[in-house]
Amino acid sequence: MSARILKAAVTSGFFILAMIFLSGILGGDAAKQSLIVRRDNTRPNTFCVDFQTMGTDATLKVCISDPSRARQMLVSAMDRILEIESRMSTYLPDSESSQLNAWGGHRHVPLSQDTIYVLKQAREIAETTEGAFDPTYAPLRDLWRAAEMEDRLPSAEDIENCLQRTGISNVKVDESGSRFKKEGMQVDLGGIAKGYAIDEAVEVLKKHGAVAGLVDIGGDIRVFEGGKIPEPWKIMVNDPRGGKHPPIYLLLRDVAVATSGDYARYFRIGEERYSHIIDPRDGWPAEDASSVTVIAPRAILADGLATAISVMGIREGLKLAGSLEEVECMIISLGSAGGYAQVEQTSGFENYTD
Ligand code: AMP
Ligand code: MG
């Protein structure tokens, strides 16, 4: 065996032993015990976990030299994300969102402080974006899902019928819960819940004493960096529909970034693809932008704004982002007839690019 192969074998043997150690002892139930905490070789003294949540992949990283403390921090942050998912996912019949959707048209539904906070933030973002972001768009989502199943466009009448049951101003939120002002309303917090979960996971990591870390849910990311020599995190922006432009890298320290667009999820009707992000103002899927990346101090804001700017389109979207403090935006749109992608951004965005 050559010295190089021997060295590789010893290193990987050590790595496996370290993984077994890290995935043992600490943590509560069996799932947590089998959770693999691995070293992130791109940064010194950095540990990470990968898991699934909110229908996508999540990665948490923390910079700390003690592996057992790293594990404790990462498991607590993961638990917090899973708690938020269990409250807000409309795919879970017992979630608070599902309960609100089932009963909110008839009576006041008690909710946790998490869901109340997210509903209030959703209202603020709806106001800032003049209704381009609105979680009460949900009846339209169901209409477009049905249209996809039947492979035909929804009728103007069906769209109008849904629009009658939307509008965040028709959602009453108080300190103990919420109710809808109209029957047949529904909320879908999918455009903002990832961002909230990311912010909360960062809080948990910091509370446990972490000075630097990263929380990524489905490509929406928040990083923090408070070490003696702050090292920026290098993040690649998702590429809409793949390979139409060279990868764009961001260098981020204490900030969140979210990307929305029609590159991953969409409705297909006939030969056409329609974005899964719907304009709550006219009931039609968003058209103008393939990929919207927003940088903001908090992930909930970056997430909500990225979804909203997908609806608003390039001109209106960049104007809004440019008017908001500490918010930057980059929009990648596909050129006509499958040509090369075009990139447009707010003036401060380049301060974050590599
Ligand atoms: P994101 O993954 O943040 O881009 O958000 C996409 C998700 O936001 C969709 O899957 C829906 O759950 C939700 N959504 C779609 N359109 C809107 C809208 N106009 N306002 C708020 N949420 C929306
Ligand atoms: Mg979003």
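Residues numbered from 1 in each chain as written. Chains lettered and ligands numbered in written order. Predicted model: local features only at pLDDT ≥ 70, side-chain atom pairs only at ≥ 80, totals over all residues. Heavy atoms only, no water.

J.: Any details on the site of ligand 1? Residues and values, ideally.
T.: Lining the immediate environment of ligand 1, one finds 17 residues, of which Asp-134, Tyr-137, Ser-260, Ile-278 and Asp-303 sit closest. Between Ile-278 and ligand 1, the recorded distance is 2.7 Å, taken from a backbone N or O atom to a nitrogen atom. Side-chain polar atom of Asp-303 to an oxygen atom of ligand 1: 2.8 Å apart, as the coordinates give it. A total of 500 Å² of accessible area belongs to ligand 1 in isolation, and the protein chains cover 94% of it. Under a 2 Å grid-point criterion requiring more than half of the atoms, the pocket assigned to ligand 1 is the largest pocket. (Near = heavy atom within 4 Å. Polar contact = N/O pair within 3.5 Å; in protein donor to acceptor, adjacent residues only side chain to side chain. Areas by Shrake-Rupley, 256 points an atom, 1.4 Å probe, with all protein chains shown as cover. 1 Å grid on protein atoms, 1.4 Å probe; cavity = no way out; pocket = protein on both sides within 12 Å on 5 of 7 lines; lining within 4 Å. Sits in = over half its atoms within 2 Å of the grid points.)

J.: Which residues make up the coordination of the magnesium ion (ligand 2), and what are the values?
T.: Tetrahedral metal sites with four donors have an ideal angle of 109.5 degrees; octahedral sites with six donors have ideal angles of 90 or 180 degrees. Looking at the metal site, the magnesium ion (ligand 2) is ligated by Gly-191 (O), Asp-303 (O), Asp-303 (OD) and Thr-307 (OG1), spaced 2.0 to 2.6 Å from it. Read in sequence order, the donor residues coordinating the magnesium ion (ligand 2) give the pattern G-x111-D-x3-T. Remark: Asp-303 occurs in helix α9 (residues 299-312) and Gly-191 occurs in the loop between β6 (177-180) and α8 (193-207); sequence separation between them is 112 residues. Overall, the relative accessible area of 2% leaves Asp-303 in the buried class. (Donors = N, O, S within 2.8 Å, 3.2 Å for Na, K, Ca; no water. Helix = DSSP H or I, 4+ residues; strand = E, 2+ residues; numbered from the N terminus. Buried < 20%, exposed > 50% of the residue type's maximum accessible area, 1.4 Å probe, protein only.)

J.: Would you mind going over the packing of α9 against helix α10 (residues 314-323) in detail, with residue names and values included?
T.: Following both chains from N to C, one finds α9 and α10 inclined at 145°, their axes separated by 7 Å at the closest point. When α9 is examined against α10, the residues Leu-305, Ile-309 and Met-312 are found in contact with a partner set consisting of Ile-314, Glu-316, Gly-317, Leu-320 and Ala-321. Across the contact of α9 with α10, the residue classes break down as six nonpolar, one polar and one charged. (Axes fitted to C-alpha atoms, helices over the stretch in contact; angles between N-to-C directions. Contact = heavy atoms within 4.5 Å. Nonpolar A, V, L, I, M, F, W, Y, C, P; charged D, E, K, R; others polar.)

J.: Tell me about the sheet that holds strand β14 (residues 291-296), residues and numbers included.
T.: In space, the nine strands of this open sheet follow the order β1-β2-β3-β7-β8-β11-β14-β15-β16, with antiparallel pairing throughout. This sheet does not close on itself; its edge strands, each paired only once, are β1 (38-39) and β16 (341-345). Pairing between strand β15 (residues 328-334) and β16: five bridges, direction antiparallel. Bridging across to β16, Leu-334 finds its partner in Ala-341. Against the sheet, helix α3 (residues 67-88) makes contact with β2 (46-53), β3 (56-63) and β7 (212-217), and its axis sits at roughly 25° relative to β2, the strand it touches most. (Pairing = 2+ DSSP bridges.)

J.: Quick one: what's the story with the nonpolar core, residue by residue and with numbers?
T.: Core analysis: the biggest nonpolar cluster contains 71 residues, and Leu-60 and Val-294 have the highest contact counts within it. For Val-294, the contacting residues outside a window of four places in its chain are Ala-256, Val-257, Ala-258, Ala-302, Leu-305, Ala-306, Ile-309, Val-327, Glu-328 and Cys-329. Judged by nonpolar contacts, the second largest core, of 18 residues, contains Cys-63, Leu-214, Val-223 and Ile-235. (Core = buried A, V, L, I, M, F, W, Y, C linked by side-chain atoms within 4.5 Å.)

J.: Any chance you could break down the sheet that holds strand β5 (residues 171-173) for me, citing the residues and the numbers?
T.: Strand pairing in a sheet relies on backbone hydrogen bonds, with the paired strands running either antiparallel or parallel. Across the sheet, which stays open at both edges, the three strands sit in the order β4-β6-β5 with antiparallel pairing between neighbours. Each edge of the open sheet is held by one strand with a lone partner, namely β4 (109-110) and β5. Sheet topology places β5 next to β6; three bridges connect them, and they run antiparallel. Paired with Val-171 across the bridge in β6 is Phe-180. Packed onto the sheet, helix α5 (residues 113-128) meets β5 and β6 and runs at close to 130° relative to β5.

J.: So what's going on with the pattern of salt bridges? Which residues, and what values?
T.: In a structure, side chains of opposite charge can pair up when their charged atoms sit close to one another. Counted under the stated rule, the structure contains 16 salt bridges. Between Lys-61 and Asp-40 there is a salt bridge, with the nearest N and O atoms lying 3.0 Å from each other. Here Asp-40 lies in the loop between β1 and β2 and Lys-61 lies in strand β3, a separation of 21 residues in the sequence. Its salt-bridge partner being Lys-234, residue Asp-354 comes within 3.0 Å of it at the nearest N-O pair. Pair noted here: Asp-354 is in the segment after β16 and Lys-234 is in strand β9 (residues 233-236), with a separation of 120 residues, a long-range link. For Asp-354, a relative accessible area of 57% translates into the label exposed. Here Lys-234 falls in the exposed class, since its relative accessible area comes to 52%. (Salt bridge = Lys/Arg side-chain N within 4 Å of Asp/Glu carboxyl O.)

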